[in-house]
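Per-entry structural report
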Amino acid sequence: MIIVPFLHWFFNKVKPSGNNITAACIAVVGLALLSLKGDLTVNFGDFLTFICGFCFALHMVFIDRYTMCYSPIKLTVVQMASCAVFAWLVAAVFEGPCDLSAFTDRGTVVSVLYLGVISSMLCFLLQTVGQTYLSASTSSILLSFESVFGLIFSVIFLQESVTARMLLGCALMFAAAILAERTPSQKKKAKKRKSEETAEV
């Protein structure tokens, strides 16, 4: 969330507004309240998570750029095809030859299709379509709501208890999402539209 506005500025020449930066910082605090437990030390896994987050930020920035020129469906097809080819090549190197006999099990086939079609293709399509209407900065905040929905479903299905810290984290996440959308440009457009409506009357 913090990286996206600056990468968006660097690659797409779209300067982040003060609201975008403030919203990202608020969202990070909210996410920390929901996710962090125990000590705050950083290990190798945290470093890999940061690298992954950086790559996701780059992905959102370039999706924002290319949805201005290309259809979300075409972009999703290219992404999924590229990912599939790359994944097969990497798997062949690090995992060895594929045991095709595993696909004789119906459960394995269903799991693979669910992960490929629903969890990957459909989700990336929805993200790409969404980013044709929302900025990369706002999209990054909305995608971070995974932790909020994780909390909600853990309470519903696992009967986990809700603490004041969790509620505060959720409140900050929602506040960040609302603040991110209240950009100065939108305020100006709203004022201009209101003045035009007044003039017509």
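The shown structure was predicted, so the numbers you read here are calculated from the model rather than taken from an experiment. (Residues numbered from 1 in each chain as written. Predicted model: local features only at pLDDT ≥ 70, side-chain atom pairs only at ≥ 80, totals over all residues. Heavy atoms only, no water.)

A closer look at a nonpolar patch on the surface
To keep it simple, the criterion reads: Distance thresholds for patches are 9 Å for like charges and 5 Å for nonpolar side chains (Val, Leu, Ile, Met, Phe, Trp, Tyr), applied to residues having over 30% relative accessible area and no salt bridge. Areas reported here follow the Shrake-Rupley algorithm with a probe of radius 1.4 Å; residue values treat only the protein chains shown as occluding. A pairing counts as a salt bridge when a side-chain nitrogen of Lys or Arg comes within 4 Å of a carboxyl oxygen of Asp or Glu. Comment: elements are numbered from the N terminus, with helices defined as DSSP H or I runs of at least four residues and strands as E runs of at least two.
A surface patch of nonpolar side chains, about 730 Å² in accessible area, is lined by L113, Y114, L115, V117, I118, M121, L122 and L126. By the element assignment, L115 lies in helix α5 (residues 106-130).

A few points about the confidence of the model for the protein
Regions with low pLDDT carry predicted coordinates that are not meant to be interpreted in detail. Formally: Confidence of the predictor in every single residue is expressed as pLDDT, which spans 0 to 100. Pairs of residues are marked as contacts when any of their non-hydrogen atoms sit within 4.5 Å.
Overall, the prediction assigns the protein a mean pLDDT of 80, with 86% of residues at 70 or greater. Low pLDDT, under 50, characterises residues 186-201; the stretch is placed with two contacts to residues that sit more than four places away or in other chains.

Concerning helix α2 (residues 18-35)
Three or four residues apart is the spacing at which side chains of an α-helix point the same way, because the helix has 3.6 residues per turn. Threshold: For a helix, the expected span equals 1.5 Å multiplied by the number of residues minus one. Relative accessibility thresholds used throughout: buried, under 20% of the residue-type maximum; exposed, over 50%; partly exposed, between the two (1.4 Å probe, protein chains only). Note that the arc is computed from the directions linking the helix axis to the C-beta atoms.
With 18 residues, α2 extends 26 Å from end C-alpha to end C-alpha; this agrees with the ideal 26 Å at 1.5 Å per step. Of all the positions in α2, only N19, N20, A23, A24, A27, G30 and L34 are classed as buried. The arc that holds the buried residues of α2, viewed along the axis, is 130 degrees, so those residues lie on one side.

As for the UniProt feature "transmembrane region" (unreviewed entry) in the protein
Basically, it comes down to this: UniProt positions are given in the numbering used here, feature names are shortened, and annotations may be inferred rather than shown by experiment.
Listed under "transmembrane region" (unreviewed entry) in the UniProt record, and renumbered for this structure, are residues 21-38, 44-63, 75-94, 106-126, 133-156 and 162-180. Helix and strand shares over residues 106-126 are 100% and 0% respectively, and the end C-alpha atoms of the span are 28 Å apart. Within the segment residues 162-180, helix and strand shares are 89% and 0% respectively, and the terminal C-alpha atoms sit 26 Å apart.

Here we look at the packing of helix α1 (residues 3-12) against helix α3 (residues 44-66)
For clarity, the threshold we go by: All axes here are fitted lines through C-alpha atoms, helices being fitted over the stretch that makes contact, and every angle between N-to-C directions spans 0 to 180 degrees. When an angle is under 35 degrees it counts as roughly parallel; over 145 it counts as roughly antiparallel; between 65 and 115 it counts as roughly perpendicular; any other value is oblique. Should the near helix be turned anticlockwise from the far one by less than a right angle, the crossing is termed left-handed; should it be turned clockwise, right-handed.
Their axes nearest at 9 Å, the elements α1 and α3 cross at an angle of 45 degrees. Relative to α3, the element α1 is oriented oblique. For the element pair α1 and α3, the recorded crossing hand is right-handed. Contacts between α1 and α3 involve I3, V4, L7, H8, F11 and N12 on the former and, on the latter, F50, F54, A57, L58, M60, V61, F62, D64 and R65.

Overview of the nonpolar core
For soluble globular proteins, the rule of thumb is that nonpolar side chains tend to be buried together. So the rule is basically this: The term nonpolar core refers to a set of buried residues drawn from Ala, Val, Leu, Ile, Met, Phe, Trp, Tyr and Cys, joined through side-chain atoms within 4.5 Å.
One finds A27, L34, I141, F145, V148 and M173 to be the most contacted residues of the largest nonpolar core, which totals 15 residues. Looking at this core, the elements that each hand over two or more residues are α2, α7 (146-158) and α8 (164-181). With six residues, α8 is the largest single contributor of residues to this core. In this view, V148 contacts L34, C170, M173 and F174; residues no more than four positions away in its chain are not counted. Counting residues in each nonpolar core, the second largest holds six residues, with L7, A57, M60 and V61 among its members.

Let's talk about the packing of aromatic side chains
Which entries qualify depends on this criterion: Two rings belonging to Phe, Tyr or Trp (six-membered ring only in the last case) form a pair when the distance between their centres is within 6.5 Å. Interplanar angles under 30 degrees mark stacking, angles over 60 mark edge-to-face geometry, and anything in between is tilted. Put simply, a charge is over a ring when the Lys NZ or the Arg CZ is close to the ring centre, within 6 Å, and near the line of the ring normal, within 35 degrees.
Summed over all chains, the structure comprises six aromatic pairs. Measuring from ring centre to ring centre gives 5.0 Å for F10 and F11, while their planes differ by 90 degrees; the resulting arrangement is edge-to-face. For F10, a relative accessible area of 56% puts it in the exposed group. Residue classification places F11 among the partly exposed positions, given a relative accessible area of 28%. Between F62 and Y66, the ring centres sit 6.3 Å apart and the planes meet at 20 degrees, which makes this aromatic pair stacked. In this pair, F62 and Y66 both sit in helix α3, four residues apart, roughly one turn of the helix. Taking relative accessible area as the criterion, Y66 reaches 34% and is therefore assigned partly exposed. Each residue in the set F10, F11, F62, Y66 and Y70 is aromatic and connected to the rest through ring pairs, giving one cluster. In this structure, K13 is placed above the aromatic ring of F10, and the distance from its NZ or CZ to the ring centre is 5.9 Å. Above the plane of the ring of Y66 lies R65, whose end atom (NZ or CZ) is 6.0 Å from the centre.

Thoughts on the side chain of T138
Quick reminder of the rule: Contacts described as polar in this section are N or O atom pairs within 3.5 Å, which, within protein, must combine one atom able to donate a hydrogen with one able to accept it, while residues neighboring in sequence count only if both atoms come from side chains.
One can find T138 in helix α6 (residues 136-143). For T138, the side chain forms a polar contact with the side chain of S135, separated by 3.1 Å.

So, the layout of surface pockets
With a probe scaled to a water molecule rolled over the atoms, the places where space remains empty come into view. The cut-off we apply is this: Think of a 1 Å grid over the protein atoms and nothing else: a 1.4 Å probe that fits but is trapped marks a cavity, an open set flanked by protein within 12 Å on at least five of seven lines marks a pocket, and residues with an atom within 4 Å of a point count as lining. Grid points are joined across faces, edges and corners, and a volume is the space filled by probe spheres set on the points. The classification used treats Ala, Val, Leu, Ile, Met, Phe, Trp, Tyr, Cys and Pro as nonpolar, Asp, Glu, Lys and Arg as charged, and all other residues, Gly among them, as polar.
Considered as a void within the structure, the second largest pocket measures approximately 600 Å³ in volume. Around the second largest pocket, the lining comprises 20 residues; the ones closest to its centre are C83, A84, F86, A87 and W88. With eleven residues, helix α4 (residues 72-94) is the largest single contributor of residues to the lining of the second largest pocket. Across the lining of the second largest pocket, the residue classes tally to 14 nonpolar, five polar and one charged.

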